[in-house]
Structure formats: C-alpha cells, structure tokens
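Next come the chains, spelled out residue by residue.
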Amino acid sequence: MIVRIFLAGFLSLGITFVASSQDISLYSGISHASMKDMKLLQEFIAGQVPVSYEFTDRFPVYWLYGFSARWRVTEKGKIGINAHTTSTGARSSYSDYSGKSNQDYFLRSFGLSTYYDYRIYEEEKFEAVLYSQIGIVSTRFDYEEYFQLGNQSTTESLVFNSVGIMMELGAAGKYFFFKKGFLEARIGYQFTQQAPLNDE
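Residue positions within a chain follow its written sequence, with the count starting from 1. Only residues with pLDDT of at least 70 get local features here, since the model is predicted, and only at 80 or more are side-chain atom pairs given and counted; chain-wide, interface and lining totals rely on the full set of residues. Note that the side-chain values use all heavy atoms of the structure and ignore hydrogens as well as water.

Q: Teacher, can you tell me more about the nonpolar core here?
A: Soluble globular proteins tend to pack their nonpolar side chains together in the buried interior. As used here, the term nonpolar core means buried Ala, Val, Leu, Ile, Met, Phe, Trp, Tyr and Cys residues forming a set that is joined through side-chain atoms within 4.5 Å. Classification of residues uses two cut-offs on accessible area relative to the type maximum, computed with a 1.4 Å probe and protein chains only: under 20% is buried, over 50% is exposed, and between them is partly exposed. With 14 residues, the main nonpolar core has Met35, Met38, Phe59, Tyr105, Leu107 and Phe141 as its most contacted residues. To qualify as a helix, a DSSP run of H or I must reach at least 4 residues; to qualify as a strand, a run of E must reach at least 2; elements of each kind are numbered from the N terminus. For this core, the secondary-structure elements that each account for two or more residues are α1 (36–46), β7 (99–122) and β8 (126–149). No other element matches α1, which puts three residues into this core. Aside from chain neighbours lying at most four places away, what touches Phe59 is Met35, Met38, Lys39, Gln42, Thr88, Gly89, Ala90, Tyr105 and Leu107. A contact between two residues is defined here by any heavy atoms of the two lying within 4.5 Å.

So, in structure tokens, the structure goes:
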C-alpha cells in the first residue's frame with residue numbers, strides 16, 4: 001500500500017528566546033495536505049460492502065506542533081533542527097433500522113529535519129528570511145471498523161507504519177517584541193516522498 005501526503009500550506013506562530021547566536025522555539029500552526037491516496041482508500045474500502053457509507057470526515061485541516069533550535073553560522077545564515085508532530089483522520093458511517101457501521105481512519109506523523117534560513121531583510125524590530133529543511137517523516141495509520149447488528153457488535157483494528165523523506169521550502173517573518181524574544185510566522189510548501197505502509 002502506498003500513502004502520498006503532500007503539505008499544501010503551512011503557517012505557524014512561535015515565541016523564540018534568543019541566547020547570543022542561538023534560537024530555541026516552540027511553535028504551532030495550521031497545515032493542509034492533499035491526502036489523495038488516503039481518500040481513494042477510504043472510497044475503496046467503503047465500496048466493498050453493498051450499502052452506501054456517508055463520509056462524515058475526510059482528513060480535514062489540522063494543527064501541527066513543533067520545536068526548533070537554530071545556530072547562527074554566518075552574518076545572515078542559520079542552521080538548526082526541527083521536530084514536529086501532527087494528526088488527521090476520516091470516518092465513513094452507515095446506519096439503518098437493523099444496525100450501524102463505522103470505518104475510522106487516524107493518522108499521526110512525526111517529523112525530524114535539518115533546517116537552514118537566510119535573512120533577506122532586516123530593520124530594528126523585524127526581519128524576513130527564506131528557509132529550507134530536509135528530513136524524515138514517520139507516519140502511523142490506525143484503521144478501525146465497527147459493526148453492529150441488533151444486539152451484537154464486532155470491532156476490527158489494523159495498524160500500519162511508514163517512513164519517508166520530506167523537504168520544505170518557504171519564507172518567515174520575525175517581529176521582535178523585546179530584546180531576547182520574537183514572534184515568528186512561517187508559510188511554506190512541503191513535499192513528502194511516497195512511502196509504503198507496513199502492517200504491524
């Protein structure tokens with residue numbers, strides 16, 4: 001099985017405390033992925049039974065949380081590491097007078113990457129940078145199917161894992177609200193390698 005997860009947009013806000021040439025930050029943001037292959041999988045599984053499932057959720061926009069540490073290596077450039085985690089999911093549902101059925105999909109990913117940014121603009125309380133990062137993304141996919149007929153019910157669960165390579169390009173703006181701290185907003189585009197899902 002192949003899963004393809006492309007991040008179509010990324011926006012984060014973080015507070016960074018600066019110690020000389022080092023930045024350490026926690027950040028949170030909103031991301032949106034294509035999830036085309038997972039949506040096709042959801043449609044395929046729902047189509048294997050002779051009833052019409054309703055897609056009540058289809059891998060919606062979700063929150064991303066991360067940590068970043070960076071070190072200045074040139075007057076305008078910094079290198080560092082980023083770690084982030086995020087999740088999304090979907091549900092297919094069916095019910096009638098005799099019973100009901102749910103098919104649940106839950107994906108959680110963890111990414112670790114090296115980071116580089118280059119300052120392109122600077123004034124007293126603001127600077128803008130272009131950045132890039134490359135690393136790996138580990139994804140866990142949990143599938144659960146619940147079926148109830150009358151007073152009897154069954155549940156089946158499956159777990160899959162994958163590891164792929166990611167690359168992200170983007171731009172960031174930093175506003176210094178006091179001497180050793182600033183708010184940062186980033187927007188970028190992430191490309192993630194197609195990776196096989198292996199069952200546990």
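Further notes follow.
Q: Hey, could you run me through the pairing of β7 in this one?
A: On a regular strand, one side chain projects to one face of the sheet and the next to the other, so that they alternate. By the convention used here, strands pair only if DSSP detects at least 2 bridges between them. Direction of pairing for strand β6 (residues 77–96) relative to β7: antiparallel, over a ladder of 20 bridges. Paired with Gly89 across the two strands is Phe106, which belongs to β7. Where β6 folds back on β7, the antiparallel hairpin that results is connected by two residues. The pairing of β7 with β8 spans 23 bridges and is antiparallel.

Q: Explain a nonpolar patch on the surface to me, please; I cannot follow it from the model alone.
A: Residues Phe110, Leu112, Ile134, Ile136, Val163, Ile165, Met167, Leu169, Tyr189 and Phe191 make up a contiguous nonpolar surface patch of roughly 920 Å² in combined accessible area. The biggest single contributor to the nonpolar patch is strand β9 (residues 152–178), with four residues. Along the polypeptide, Ile165 turns up in strand β9. We classify Ile165 as partly exposed; its relative accessible area is 47%. A patch consists of residues exposed above 30% relative accessible area that lack any salt bridge, with like charges linked at up to 9 Å and nonpolar side chains (Val, Leu, Ile, Met, Phe, Trp, Tyr) linked at up to 5 Å. All accessible areas in this document rest on Shrake-Rupley with a 1.4 Å probe, and a residue is counted as covered only by the protein chains that are shown. Salt bridges are counted wherever a side-chain nitrogen of Lys or Arg sits within 4 Å of a carboxyl oxygen of Asp or Glu.

Q: For this particular structure, what's the right way to read the pattern of salt bridges?
A: Side-chain pairs of opposite charge can arise whenever the charged atoms involved come near each other. According to the stated counting rule, one finds 11 salt bridges in the structure shown. Between Asp142 and Arg140 there is a salt bridge whose closest N-O contact spans 2.8 Å. A salt bridge links Glu184 to Arg186; its shortest N-O distance comes to 3.9 Å. A network of salt bridges, in which partner residues are shared, links Arg70, Asp117, Glu127, Lys174, Glu184 and Arg186.

Q: I tried to follow the pairing of β9 on my own but got confused; where do I start?
A: Here β8 pairs with β9 via 24 bridges, running antiparallel. Bridged to Val129 within β9 is Ala172. Counting the residues between successive antiparallel strands, the hairpin from β8 to β9 contains two residues, one of them, Gly150, with a positive phi of roughly 65°. As defined by bridge partners, β9 adjoins strand β12 (residues 198–199) across two bridges and the pair is classed as antiparallel. Within β12, the residue paired with Phe160 across the bridge is Asp199. Pairing analysis gives 12 bridges linking β9 to strand β10 (residues 181–192), with the strands arranged antiparallel.

Q: What's the story with the environment of Asp23 in this structure? I'm lost.
A: Structurally, Asp23 can be placed in strand β3 (residues 22–33). Sequence-wise, Asp23 and Ser68 are 45 residues apart; in three dimensions their C-alpha atoms are separated by 7.8 Å. At 2.3 Å, the side chain of Asp23 and the side chain of Lys78 are in polar contact. A 3.5 Å cut-off defines polar contacts: any pair of N or O atoms within that distance qualifies, except that in protein one atom must be a possible hydrogen donor and the other a possible acceptor, and neighbouring residues in sequence count only when both atoms are side-chain atoms.

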